Amino acid sequence: MLEPITPLHWSDRFDWVWRLLSIFLLGFSVSLLIDSSTRLLIAGPDQLGLATVIFQSMITLITTNAALTKSGQEAIQRFLTSIKIKNNLWDEFIFLMSLLFFGSMAVFWFSLPSFWADRYTNIGDNAYYCDRINKSDIDDKFKVDAKGEVEKPNDCNPKLAIAEKYYQGAIKLNPDRPKTYYKLGKIQEDIQNYTEAITQYKIAAKGGQIEAYDSLIRFYIKGKDKDYLQAERWLEKCLKLAKGKEHKHCSADIELILSYLRDEKYDDAAHWLSQMTEYWNVESDINDSKAQSFGLTKKQYRKKQYDILTYLGWALMKQESYKDAEFQLQKAIKKETDKPLAHCLLAEVREKLNNKKGAKKEWQECIRWGDEYDRYVGRHIRLAKKRAAKNSVE
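Residues numbered from 1 in each chain as written. Predicted model: local features only at pLDDT ≥ 70, side-chain atom pairs only at ≥ 80, totals over all residues. Heavy atoms only, no water.

Asks: Tell me about the overall build of the chain, residues and numbers included.
Replies: A tally of regular secondary structure across the chain gives 17 helices and zero strands. Expressed as a percentage of the 394 residues in the chain, the buried residues total 44%. Sequence separation of 24 or more characterises 60% of the internal contacts of the chain that already satisfy a separation of 6 or more. Total accessible area computed for the chain in this model is approximately 22,600 Å², and 56% of it derives from carbon and sulfur atoms. (Helix = DSSP H or I, 4+ residues; strand = E, 2+ residues; numbered from the N terminus. Buried < 20%, exposed > 50% of the residue type's maximum accessible area, 1.4 Å probe, protein only. Contact = heavy atoms within 4.5 Å. Areas by Shrake-Rupley, 256 points an atom, 1.4 Å probe, with all protein chains shown as cover.)

Structural data, given as structure tokens:
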């Protein structure tokens, strides 16, 4: 007599589904591991990155071996029996473990553009800025100079090769990092690889990194072969971009204007100064909110207004519009009474207006606040001392 057939438990009817899903999940997990490990290795992993790749590879090897080989399956069965999982739930349990494993691989894969790219950028920052920081946003940790550039400590000897390696690694993990392209450009400029520096700055600028626009402007106005057309083109783009960004401004505008003045291109200087007068609202009083809208302190904003008014007075003086020049320079002095250049230029203007008494007073102020060895105003201070000597003889 035949023994009665024992009916399958209802859950056992779907065991093939759980097994198939487990195999698919393991396959996806291996694919994610291979892709993420390859990207991390190409980027040049640090010790933590290498250890992570090795650890995950070992876990993947153990998991796939357990799931796909007879000895591995027997080991799993013994394990499930030891923890008292019912036979009819084994396939479901293995599926849950496969799902968790897939989840961990997915988290690691998605962390490459964020966590790992940020980590590489931090390592690059520490190398470039001499281990003084531990955040990727270096602007929060260092002083910013007059050009809007981050100042490295005086005793800093940057490890450029290490910084370059990790910046490049961060970009390989996440190409959408304009600030990192900008930092790469700075390194290339430091080693005088100007062609590559320009390339990196342009990529960063297209990504909306305002500092990259400033660097491009400075590049095109330095040296003997200046390209003012390119500099103006990048400044126009920078100003347009900065209008849509809070706490951002273009810092190279003044440098372009000063370069025009030194090259005696007074009409070009006056053209840009008229735009900057409106852009920086030099006629207005200064308050915290207005300064902060440009990402500046009140002191920095006042200095910006002073520079624009002073250079406007300079350009007008050279265009022989002496009354207008006098008016602008007086406004500049009201902004910053202890800066020498406006006093020096006002003295020259008053001499042209035959106001000897007023000129003498401004020559004295020029000498009082200036230093003849200063690279920017030294020539004016030396001229002031000659005028002062001449007046004392007279």
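Asks: So what about the packing of aromatic side chains? Which residues, and what values?
Replies: Each aromatic ring pair is described using two quantities: the centre-to-centre distance and the angle formed by the ring planes. Throughout the structure, instances matching the rule amount to 12 aromatic pairs. On the basis of an interplanar angle of 50° and a centroid distance of 5.9 Å, the ring pair of Tyr-194 and Phe-219 is categorised as tilted. You can see Tyr-194 sitting in helix 7 (residues 194-206) and its partner Phe-219 sitting in helix 8 (residues 210-220), a full 25 residues away along the chain. Given the relative accessible area of 23%, Phe-219 is considered partly exposed. Look at Phe-294 and Tyr-301: their rings are 5.6 Å apart centre to centre, the planes differ by 40°, and that puts the pair in the tilted class. By the burial criterion, Phe-294 is buried, and Tyr-301 matches it. The structure contains a cluster of three or more aromatic residues connected by ring pairs, namely Tyr-279, Trp-280, Phe-294 and Tyr-301. (Phe/Tyr/Trp six-rings, centres within 6.5 Å; stacked < 30°, edge-to-face > 60°.)

Asks: Just give me the short version of the pattern of salt bridges, but keep the residues and values in it.
Replies: Counted according to the given criterion, the structure contains 15 salt bridges. The partner of Asp-118 in a salt bridge is Arg-177, with the nearest N and O atoms 2.9 Å apart. Pair noted here: Asp-118 is in helix 4 (residues 90-128) and Arg-177 is in the loop between helix 5 (160-173) and helix 6 (178-190), with a separation of 59 residues, a long-range link. In this structure Arg-177 comes out as buried when scored by relative accessible area, which is 13%. Between Glu-326 and Arg-350 there is a salt bridge, and its shortest N-O distance comes to 3.0 Å. Placement of the pair is Glu-326 in helix 14 (residues 322-335) and Arg-350 in helix 15 (residues 340-352), with a sequence separation of 24 residues. (Salt bridge = Lys/Arg side-chain N within 4 Å of Asp/Glu carboxyl O.)

Asks: Can you tell me about the environment of Cys-366, naming the residues and giving the values?
Replies: Relative to the helices and strands, Cys-366 is located in helix 16 (residues 356-369). Distance in space between the C-alpha atoms of Cys-366 and Ala-347 is 8.2 Å, their sequence separation being 19 residues. Among residues more than four places away in sequence, those in contact with Cys-366 are Pro-340, His-343, Cys-344, His-380, Ile-381 and Ala-384.

Asks: Give a description of a positive patch on the surface that names residues and reports values.
Replies: Taken together, the side chains of Lys-318, Lys-352, Arg-379, Arg-382 and Lys-386 make up a positively charged region of the molecular surface. With three residues, helix 17 (residues 378-393) is the single largest residue contributor to the positive patch. (Patch = residues over 30% accessible without salt bridge, like charges linked within 9 Å, V, L, I, M, F, W, Y side chains within 5 Å. Lys, Arg positive; Asp, Glu negative; His and termini not counted. Charge placed at Lys NZ, Arg CZ, Asp CG, Glu CD.)

Asks: Break down the state of the cysteines for me, citing the residues and quoting the values.
Replies: Under the counting rule described, the total for this entry stands at two disulfides. Between the sulfur of Cys-238 and that of Cys-250 lies a disulfide, 2.1 Å long from S to S. Handedness of the Cys-238-Cys-250 disulfide follows from its S-S torsion of about -115°: it is left-handed. Of this pair, Cys-238 sits in helix 9 (residues 228-243) while Cys-250 is found in the loop between helix 9 and helix 10 (253-262), placing the two residues 12 residues apart along the sequence. Its relative accessible area of 0% is what places Cys-238 among the buried residues. Across the disulfide from Cys-344 sits Cys-366; the S-S distance is 1.8 Å. Its torsion about the S-S bond being 75°, the disulfide of Cys-344 and Cys-366 is classed as right-handed. (Disulfide = S-S within 2.5 Å.)

Asks: Tell me about helix 6, and please be specific about residues and values.
Replies: If you check helix 6, its first and last C-alpha atoms are 19 Å apart, about what 13 residues at 1.5 Å a residue would give, namely 18 Å. With respect to burial, helix 6 is a largely interior element, 10 of its 13 residues being buried. Buried within helix 6 are the following residues: Pro-178, Thr-180, Tyr-181, Tyr-182, Lys-183, Leu-184, Gly-185, Lys-186, Ile-187 and Gln-188. (Expected span 1.5 Å × (residues − 1).)

Asks: Requested: an account of the environment of Glu-196, with residues and values cited.
Replies: Of note, Glu-196 is situated in helix 7. Among the polar contacts listed, one links the side chain of Glu-196 to the side chain of Gln-200, at a separation of 2.6 Å. (Polar contact = N/O pair within 3.5 Å; in protein donor to acceptor, adjacent residues only side chain to side chain.)

Asks: Kindly report on the side chain of Thr-277, identifying the contributing residues and their values.
Replies: Structurally, Thr-277 can be placed in helix 11 (residues 266-279). Take Thr-277: its relative accessible area is 18%, and that puts it in the buried class. Not counting the four nearest positions on each side in its chain, Thr-277 is found in contact with Val-282, Ile-308 and Leu-312.

The quantities given are spatial measurements derived from coordinates; they are silent on function.
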